[in-house]
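Observations on the three-dimensional arrangement
These are the residues of each chain, in order.
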Amino acid sequence: MTPVQTDFSQGSIPKIILRLAVPMTTAQLVNILYSVIDRIYLGHIPGTGHLALTGLGLTLPIISVLMAFANLCGMGGAPLCAIYRGRGEEEEAEAVMGNAFSLLLLLGAGVTAVCFLCKEPMLYLFGASAETFPYADDYLSIYLCGTLFVMISLGMNPFINTQGFARTGMMTVVLGAVLNLILDPLFIFGLNWGVRGAAFATVISQACSAAWVLRFLTGPKAVLRLRRSSLRLEGQRVKKILALGLSGFFMSLTNSLVQVVCNKTLQVYGGDLYVGIMTILNSLREVFMMVVMGLTNAAQPVIGFNFGAGEVRREYQAIRFSIAVTIVYTLSVWLLMMALPEPLICLFNNDPATVRCGVPALRIYFSLFLFMSLHVAGQSIFVALGRSKQTVFFSLLRKAFVCAPLTVLLPLWGMGTTGVFVAEAVSQLAGGLACFTTMYCLVYRPLRRRVLEEGKK
């Protein structure tokens, strides 16, 4: 077997990133299968599939909040570990990882308690109707019992990837997703548990993934190990983790905000049908964006390591390569979605009304999808370099400052349900251009200047 490379200052930059990207992208895609598989199976329950699918969609904002707290610790701590490793400060890197784990446990317990106390008013606030609430309540009540498993598997897996063990990180989610794929039809159809079966399958699968992560990070193969001595929280470390992790936190949190606003607005202007269509569109976006996230996440430890090591040329090469691959992939996906909207909708639900209304909605929603790649690429570079101010600002800009207000205003101005989908497209354009232009001016152009100056010496 080829030995795992943990020193990113050696070797071909494209090869290193692709070697990390393949298992990490696979992991991202497989990870999203947890919820997407649930939606596909539930959408095809005879007679009540559309209600079950809509009910599950109503829980997504709450699940996004849970993921926001996992990202707060994982995406905040892992890039710091890469930078410290590049500087040769292995002990500090381990201390950061231990503090991130303790934060995950504390935040996971707190957010679970709050969600249990407030789940009924939250679901109605998020757009539930008398018909869809029972499905949403059944799923969420069981899912919340496994919150800590979700937090550990999602929040600690980046610490495996940032050490160079991308295949091990991939297996974290492959293990859970395969179990979910097996258990879903058994619980949903075989035992006739419906949405409760989907929730049980997800909790069991995430528990196995969490056990896998902890087994590796406490075992002998890890470069950085999770030790009891590093679990005690230290103020400055926590501050750094939270400052950098706010990017991923606000990205998930604002996704939740927009999902709430979209569901509520669509419920008013289009009813349960359009809430279900938005669930399908969000599912497709998550699947296609997971590849972009895998590519950019693979580049982050390489960029951060070489930044910490002072390897300017390799840092520049990693940034250029990640941007180019991300743009090419997103363009290919955009062409696919514009050409084949109906089969993509039918994958989740083939009800004639859903297909008839969903196809034009999909074309509008994804019309400017290419600019999302610019937003994700720019945001990922800011995270890799530890630029917390920029990461937080651009996490808020697209969703909270552009998409959410337009989702409310455009329907009021006579666009109805169409305005909700137009709002998403406009936010992709505005957020992508703003984030990428800022990254180019603050990072890329100065870095290129330094590389040219070094070449003249």
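Sequence positions are assigned chain by chain, starting from 1 and proceeding in written order. It should be noted that, the model being predicted, local features are given only for residues of pLDDT at least 70 and side-chain atom pairs only at 80 or more, the latter also being counted only at that level, while totals for whole chains, interfaces and linings use all residues. Heavy atoms throughout the structure, all of them, feed into the side-chain values; hydrogens and water do not.

**Focus on the packing of aromatic side chains**
Whether two aromatic rings pair depends on their centres lying within 6.5 Å, for rings of Phe, Tyr and Trp, where Trp uses its six-membered ring; planes under 30 degrees apart make the pair stacked, over 60 edge-to-face, and the rest tilted. On inspection of all chains with the given rule, the structure shows 13 aromatic pairs. Each ring, one from Tyr-139 and one from Tyr-143, has its centre 5.9 Å from the other, and the planes form 20°; the classification is stacked. Here Tyr-143 and Tyr-139 lie together in helix α4 (residues 133–143), a separation of 4 residues that amounts to about one turn. Tyr-143 shares its class with Tyr-139; the two are buried. Consider the rings of Tyr-365 and Phe-366, whose centres lie 4.8 Å apart with planes at 70°: the pair is edge-to-face. Just as Tyr-365 is buried, Phe-366 falls in that class too. Helical segments are the DSSP runs of H or I of at least four residues, strand segments are the runs of E of at least two, and each set is numbered from the N terminus. Burial classes: relative accessible area under 20% of the type maximum marks a residue as buried, over 50% as exposed, and values in between as partly exposed (1.4 Å probe, protein chains only).

**Here we look at unusual backbone geometry**
You will see that Asn-192, though not glycine, has its phi angle at about 60°, which is positive. Relative to the helices and strands, Asn-192 is located in the loop between α6 (166–190) and α7 (195–217). Take Asn-192: its relative accessible area is 64%, and that puts it in the exposed class.

**A closer look at the environment of Pro-158**
Following the sequence through the fold, Pro-158 ends up in helix α5 (residues 147–161). For Pro-158, a relative accessible area of 22% translates into the label partly exposed. In contact with Pro-158, not counting residues within four places along its chain, are Gly-74 and Ala-78. Contact criterion: two residues are considered in contact whenever any of their non-hydrogen atoms come within 4.5 Å of each other.

**Observations concerning the environment of Glu-424**
Position of Glu-424 among the secondary structure elements: in helix α14 (residues 388–456). Linking Glu-424 and Val-402, residues 22 residues apart in sequence, is a C-alpha distance of 8.6 Å. Once you skip the residues sitting within four places of it in the chain, Glu-424 turns out to touch Arg-285, Tyr-365, Arg-398, Lys-399 and Cys-403. Distance and chemistry together define a polar contact, namely a pair of N or O atoms within 3.5 Å, with one atom able to donate a hydrogen and the other to accept it when in protein, and with adjacent residues in sequence counting only for side-chain atoms on both sides. A distance of 3.1 Å separates a polar atom in the side chain of Glu-424 from a polar atom in the side chain of Arg-398.

**Here we look at the pattern of salt bridges**
When charged atoms on two side chains of opposite charge get close, those side chains can pair. The rule for a salt bridge is simple: a side-chain nitrogen of Lys or Arg has to be within 4 Å of a carboxyl oxygen of Asp or Glu. Enumeration according to the criterion identifies 6 salt bridges in this entry. Between Glu-92 and Arg-237 there is a salt bridge, with the nearest N and O atoms lying 2.9 Å from each other. Linking Glu-92 in helix α3 (residues 90–125) with Arg-237 in helix α8 (residues 235–269), this pair joins segments that are 145 residues apart in sequence. Glu-92 gets classed as partly exposed once you look at its relative accessible area, which sits at 22%. Look at Arg-237 and you get partly exposed, because its relative accessible area is 21%. Measuring nitrogen to oxygen at the nearest pair gives 2.9 Å for the salt bridge that ties Arg-227 to Glu-94. Of this pair, Arg-227 sits in the loop between α7 and α8 while Glu-94 sits in helix α3, placing them 133 residues apart in sequence. One continuous salt-bridge network, built from bridges that share partners, spans Arg-398, Lys-399 and Glu-424.

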